[in-house]
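# Observations on the model geometry
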Amino acid sequence: MEHSSHTPPDHSAHTPPAYAPPEVPPSSRSTPAERKARTDWLVTELRRLAASTDNPHEQANLHRSADSLIRLATAFRP
């Protein structure tokens, strides 16, 4: 009986993001607008990665991560 092996995908060769995240100021505090811009960028990237994968489990995990980030950002809104 022939045994097939599954080779896991190589995640080290991911394509770079379509665009870079918004610049983070050198100070330790960022403005609400800067935090929102970074959050929006990260949610967009998570959803883009989910759309680009064929693995349904990875898709679900990425969508859950984006949704969790949105809920967290909403909870910390002033």
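As shown above, the structure is provided for reference.
Below is a short write-up of the structure. (Residues numbered from 1 in each chain as written. Predicted model: local features only at pLDDT ≥ 70, side-chain atom pairs only at ≥ 80, totals over all residues. Heavy atoms only, no water.)

## Some remarks on the side chain of glutamate 45
Relative to the helices and strands, glutamate 45 resides in helix H1 (residues 32-52). Of note is the side chain of glutamate 45, whose polar atom sits 2.9 Å from the side chain of arginine 48. (Helix = DSSP H or I, 4+ residues; strand = E, 2+ residues; numbered from the N terminus. Polar contact = N/O pair within 3.5 Å; in protein donor to acceptor, adjacent residues only side chain to side chain.)

## Looking at the packing of H1 against helix H2 (residues 56-75)
Two measures define how a pair of helices packs: the angle their axes make with one another and the distance between the axes. In contact at an axis separation of 8 Å, H1 and H2 are set at 165 degrees when each is read in the N-to-C sense. With respect to H2, the axis of H1 lies roughly antiparallel. Crossing geometry of H1 relative to H2 is assigned as left-handed. Contacts from Thr39, Leu42, Val43, Leu46, Arg47, Leu49 and Ala50 of H1 reach H2 at Gln59, Leu62, His63, Ser65, Ala66, Asp67, Leu69, Ile70 and Ala73. Classifying every residue of the contact of H1 with H2 by side-chain character gives 10 nonpolar, 4 polar and 2 charged. (Axes fitted to C-alpha atoms, helices over the stretch in contact; angles between N-to-C directions. Parallel < 35°, antiparallel > 145°, perpendicular 65-115°, else oblique. Left-handed = near helix turned anticlockwise from the far one by under 90°. Contact = heavy atoms within 4.5 Å. Nonpolar A, V, L, I, M, F, W, Y, C, P; charged D, E, K, R; others polar.)

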